[in-house]
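Examination of the molecular architecture
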Amino acid sequence: MNTLDAIQQRRATKQFDTQHVMTLDEKKALLNIALQNAPSAFNLQHWRPVLIEDRTQREKIRQAAWGQPQVTDASMLIVLCGDLSSWQSQAKNIWGQASEPVQQYLLPAIDQYYRDKEQVQRDEVMRSSGIFAQTLMLAAKAQGYDSCPMDGFDFDAVGEIINKPANYQIALMVAIGKGIGEHYPRIGKLPFDEVVKIDRF
Ligand SMILES: Cc1cc2nc3c(=O)[nH]c(=O)nc-3n(C[C@H](O)[C@H](O)[C@H](O)COP(=O)(O)O)c2cc1C
C-alpha cells in the first residue's frame, strides 16, 4: 500500500474483530516502525507507549473509557505516554554518539529550550506523541490493520491503572486490530479556505 492510500483509507475504527490475534512479536514490530522513524524535536523521542496485554487491565481501562469497546476488542492497545523529563534524562544518551562540536551546540540548546518551561515540556510530549500515534496508525494501515486514536477516557483513572509516574504524561490511547462493519462516510470536513490561511491571520 502506498502512503497516500494508507492516509486516505485510515479511519477511526469503532468495531474490532475480537477473534483476531496479533502476536507480541507482531505488536513489537509495528511499534518499532514508529519508534525508529517518527520525528521528534531534538530527536528526544519523548513517547513512552504502554502496551496493554493483560485482559484485566484492558477491562479496567475500558471502564475508565466510558465503556468504549475498542479498548477490549482491539488486538492491540497502547496507552501512549510521554516522558516530561526526557530533555534532561536522555539528551546526553541520545546525542552522545554525535561529534564533539554537534554535542557542544545541541546539549546547551536543548537545556535552554526546556529548562524551567513546564508548558514547553508538556507541549513537546503532546506534539511528539501525536506524530508517533499517526505514524503508528499509518504503519498499521499499511500492514492491513485498522486503528482508533482515543482520548475519551478519564486520564487520572487510566494513569492509576498503569501506575504512571509523575514525570510522565498520557497523550492518548491507540487501539489497533482488524476492523469489522462499515465506516460512516467521512463527513463535516471544514472548507479549505476556512482552515488554511496564507501568510497571516
Ligand atoms: C486525539 C483524538 C482522540 C479521539 N478520541 C476518540 C475516542 O475516544 N473514541 C472514538 O471512538 N474516536 C476517537 N477519536 C476519533 C475521531 O472521532 C475521528 O478521528 C474523527 O471523527 C475523524 O474520523 P476519521 O478518523 O475516521 O477520519 C479521536 C481522535 C483523535 C485524533
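As a starting point, this report considers the structure included with it.

Parameters and conventions
- Residues numbered from 1 in each chain as written.
- Predicted model: local features only at pLDDT ≥ 70, side-chain atom pairs only at ≥ 80, totals over all residues.
- Heavy atoms only, no water.
- Buried < 20%, exposed > 50% of the residue type's maximum accessible area, 1.4 Å probe, protein only.
- Helix = DSSP H or I, 4+ residues; strand = E, 2+ residues; numbered from the N terminus.
- Pairing = 2+ DSSP bridges.
- Arc of directions from axis to C-beta.
- Contact = heavy atoms within 4.5 Å.
- Salt bridge = Lys/Arg side-chain N within 4 Å of Asp/Glu carboxyl O.
- Expected span 1.5 Å × (residues − 1).

**Some points on the pairing of strand S4 (residues 168-177)**
- Among the 10 residues that make up S4, 9 are buried, leaving the element largely enclosed by the rest of the structure.
- Pairing between strand S2 (residues 76-83) and S4: 8 bridges, direction antiparallel. Note on S4: the bridge partner recorded for valine 79 is methionine 173.

**Details of helix H3 (residues 55-64)**
- Looking only at H3, the buried set comprises Gln57, Arg58, Ile61 and Ala64. Considered in projection along H3, the buried side chains sweep an arc of 120 degrees and stay on one side of the axis.
- Contacts from the buried residues of H3 go to helix H4 (70-73), S2, helix H9 (155-161) and S4.
- Immediately downstream of H3, the backbone of tryptophan 66 shows phi near 55 degrees, a positive value.

**Topic: the pattern of salt bridges**
- Scanning the entire structure with this criterion turns up 5 salt bridges.
- Ionic pairing is found between arginine 48 and aspartate 83, a salt bridge with its closest N-O pair at 3.9 Å. Note that arginine 48 is positioned in strand S1 (residues 47-51) and aspartate 83 in strand S2, a separation of 35 residues in sequence.
- Between aspartate 111 and arginine 115 there is a salt bridge, with the nearest N and O atoms lying 2.8 Å from each other.
- On the basis of relative accessible area, aspartate 111 is assigned to the partly exposed category, the value being 27%.
- Arginine 115 sits in the partly exposed class, given a relative accessible area of 37%.

**Regarding the pairing of strand S3 (residues 146-150)**
- In terms of burial, S3 is a largely internal element, 4 of the 5 residues being buried.
- Note that S3 and S4 share 5 bridges and pair antiparallel. Bridge pairing in S4 places methionine 150 opposite methionine 173.

**Examining helix H7 (residues 100-114)**
- Here H7 is 15 residues long and its end C-alpha atoms lie 22 Å apart, about the 21 Å a rise of 1.5 Å per residue gives.
- Residues Gln103, Leu106, Leu107, Ile110 and Tyr114 constitute the buried set of H7. Mapping the buried residues of H7 onto a view down its axis gives an arc of 100 degrees, with all of them on the same face. Exposed side chains of H7 directed beyond 90 degrees from the buried face belong to Pro101, Gln104, Tyr105 and Gln112.

What is shown is where atoms sit, not what they do.
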